[in-house]
Amino acid sequence: MATNEGFAPAKINLTLHVTGQRADGYHLLDSLVVFANIGDRLWFEPADTMSLAVSGPFGAGVPEDNRNLVWRAAELAGATLGIRLAKHLPHGAGIGGGSSDAAAVLRFLNASEQAAKLGADVPVCLSSSPQRMQGIGEQLTTAPSVPALHLVLVNPQVHVATPEVFKALKDKSNSGMSDLPDWKSTGEFVTWLQAQRNDLQAPAMSMAPVIGTCLQALNTSRGCVMARMSGSGATCFGIYHTGTQARLAAKSLAAANPGWWVKRTRTTGRDLS
Ligand code: C5P
């Protein structure tokens, strides 16, 4: 990648345990986060005034001014840039979107210290390797044992608003993850993962029942080992043993559900079989 380019990968919460709520309303989380090999793309040019041009399959309606986190990230870092942003990921979809875009700007400007000011999910997006995310998102520990995974991401093109999903969660004090084991195989990892949770999945599903339809479609697709929602939704992921299984499942899911966004991806992580 040329030095004036940025890549903003999809962020996937393999787990998302909500463990408490702070006095200011923000929730305490314990989440295992990985990154995909698909994402938004950015190009940066030095400029006298800030500008932002958004394109790509999900570019429609994305603000091209200081409402966009990309713009605010550059401003916070004290930079003036001409930015082009190609949106390949659905936004407001539980897979990073704007947070990952903002992190790409901060990486380009070497201004990572500004990340937490832009949103709870921005610090984790500065890295593209697996991490355990705690606190409200600012406490990060690398999780080097997490294997690279073959995933299919499915978004049923519904939007669920993050604050509303948190509000719909009845019990805010759930258990966190225990110490992360040193998994020796992908199978061992997935067995562990199946016993974890996304506490926002049930409330998001109650607001948008089609999320349940997505999970069902993933779970019943050939070769799917497990399926879960990412973040506050609505994007769900399915895990497959092989890349071929993921490719075939993505093809049949897309054919059966023409209105859905369906993408096969590989996540960053340890190469385990
Ligand atoms: O920080 P960010 O703008 O990404 O968060 C969006 C919304 O999600 C917050 O306004 C808050 O309602 C909710 N949130 C939360 N606890 C977190 C992260 C986000 O309650 N740890």
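You'll find the structure just up there.
Conventions and cut-offs
Residue numbers run consecutively from 1 along every chain, following the written order of its sequence. For this predicted model, a pLDDT threshold of at least 70 governs which residues receive local features, and a threshold of 80 or more governs which side-chain atom pairs are given and counted, while totals over whole chains, interfaces and linings are taken from all residues. Only heavy atoms go into the side-chain values, all of them from the structure, while hydrogens and water stay out. When the centres of two rings from Phe, Tyr and Trp lie within 6.5 Å, Trp using its six-membered ring, the rings pair. Their planes under 30 degrees apart give stacked, over 60 give edge-to-face, and anything left gives tilted. Only protein chains enter the accessibility calculation, which uses a 1.4 Å probe; a residue is then buried when its area is under 20% of its type maximum, exposed when over 50%, and partly exposed in between. Helix and strand assignments come from DSSP, with helices taken as H or I runs of at least 4 residues and strands as E runs of at least 2, each series counted from the N terminus. Contact definition: two residues touch when any of their heavy atoms are within 4.5 Å. Fitted lines through C-alpha atoms serve as axes, helices being fitted only where they are in contact, and the angles separating the N-to-C directions of these axes extend from 0 to 180 degrees. Relative orientations are named as follows: roughly parallel for angles under 35 degrees, roughly antiparallel for angles over 145 degrees, roughly perpendicular for angles from 65 to 115 degrees, and oblique for any other angle. Should the near helix be turned counterclockwise from the far one by less than a right angle, the crossing is left-handed, whereas a clockwise turn marks it as right-handed. We call two strands paired when DSSP finds no fewer than two bridges between them. For this purpose, a residue is taken to be near a molecule or strand whenever a single non-hydrogen atom of the residue falls within 4 Å of it. Identification of polar contacts relies on pairs of N or O atoms within 3.5 Å, with a donor-acceptor requirement for protein atoms, meaning one able to donate a hydrogen and the other able to accept it, and with residues adjacent in sequence counted only if both atoms are side-chain atoms. Every accessible area reported is derived by Shrake-Rupley at a probe size of 1.4 Å, with residue values counting cover from the shown protein chains alone. Put simply, Ala, Val, Leu, Ile, Met, Phe, Trp, Tyr, Cys and Pro go in the nonpolar bin, Asp, Glu, Lys and Arg in the charged bin, and everything else, Gly too, in the polar bin.

All right, on to the packing of aromatic side chains then. Taken as a whole, this structure holds five aromatic pairs when the rule is applied. Judged by centre distance (4.8 Å) and plane angle (90°), the rings of Trp-183 and Phe-189 are edge-to-face. Judged by its relative accessible area of 2%, Trp-183 is buried. Judged by relative accessible area, Phe-189 falls into the buried class, the value being 0%. An aromatic cluster of three or more residues is present, and its members are Trp-183, Phe-189 and Trp-192.

We now examine the environment of Met-133. The residue Met-133 is located in strand β5 (residues 131-135) in this model. Relative accessible area serves as the criterion here: at 1%, Met-133 is assigned to the buried category. Sequence separation between Met-133 and Leu-16 is 117 residues, and the spatial gap between their C-alpha atoms is 9.1 Å. Leave out the neighbours within four places in its chain, and Met-133 touches Asn-13, Leu-29, Asp-30, Ser-31, Val-33, Asp-121, Val-124, Gln-139 and Leu-140.

Right, let's talk about the packing of helix α1 (residues 69-76) against helix α2 (residues 98-108) for a bit. Two elements in contact, α1 and α2, have axes separated by 8 Å at closest approach and are oriented at 30°. When the axis of α1 is compared with that of α2, the two are roughly parallel. Here the hand of the crossing between α1 and α2 comes out right-handed. Along the contact surface, α1 presents Leu-69, Val-70, Ala-73 and Ala-74, while α2 presents Gly-98, Ser-99, Asp-101, Ala-102, Val-105 and Leu-106.

As a further point, take the pairing of strand β8 (residues 224-229). Among the six residues of β8, five are classified as buried, and the element is accordingly described as predominantly covered. Where β8 hands over to strand β9 (residues 236-240), the hairpin turn is made up of six residues, of which Gly-231 adopts a positive phi near 55°.

The next point concerns α2. Most of α2 is tucked away: eight of the eleven residues are buried. For α2, the complete set of buried residues consists of Ser-99, Ser-100, Asp-101, Ala-102, Ala-103, Ala-104, Val-105 and Leu-106. Looking at the buried side of α2, the elements it contacts are β1 (5-21), β2 (27-46), α1, β4 (81-86), α3 (115-118) and α4 (122-125). Of the residues one or two after α2, Asn-110 is the one with positive phi, at around 50°.

Residues in contact with the ligand, as listed here, are Gly-25, Tyr-26, His-27, Leu-29, Gly-119, Ala-120, Ile-136, Thr-162, Pro-163 and Phe-166. Between an oxygen atom of the ligand and a main-chain N or O atom of Ala-120, the distance comes to 2.8 Å. Here Ile-136 contributes a backbone N or O atom positioned 3.1 Å from a nitrogen atom of the ligand. Across the complex, the protein chains shield 72% of the 450 Å² of accessible surface that the ligand would expose by itself. Elements supplying a minimum of two residues to the shell around the ligand: β2 and α5 (162-168). No other element matches the three residues that α5 contributes to the shell around the ligand. For the shell around the ligand, the per-class residue count stands at six nonpolar, four polar and no charged.

Along the chain, Lys-87 falls in the loop between β4 and α2. Since its relative accessible area comes to 3%, Lys-87 is described here as buried. Among the polar contacts listed, one links the side chain of Lys-87 to the side chain of Asp-40, at a separation of 2.8 Å. Once residues lying within four places of it in the same chain are set aside, the contact partners of Lys-87 are Asp-40, Val-54, Ser-55, Gly-56, Pro-57, Phe-58, Gly-59, Val-62, Gly-97, Gly-98 and Asp-101.

Turning to the sheet that holds strand β7 (residues 150-155), a few remarks are in order. On the basis of which strands lie adjacent, the open sheet formed by four strands has the order β8-β9-β7-β10 and antiparallel pairing. With one partner strand each, in any of the chains shown, β8 and β10 (261-266) form the two edges of the open sheet. Shown here is a sheet whose adjacent strand axes are inclined to one another by a mean of 20°, direction ignored. Relative to β9, β8 runs antiparallel, the two being bridged by five bridges. Paired with Met-226 across the strands is Ile-239, a residue of β9. Contacts from helix α6 (residues 186-194) reach β8 and β9 within the one sheet, and its direction differs from that of β8 by about 40°. Contacting β7, β9 and β10, helix α9 (residues 243-256) crosses the sheet at an angle of about 15° to β7.

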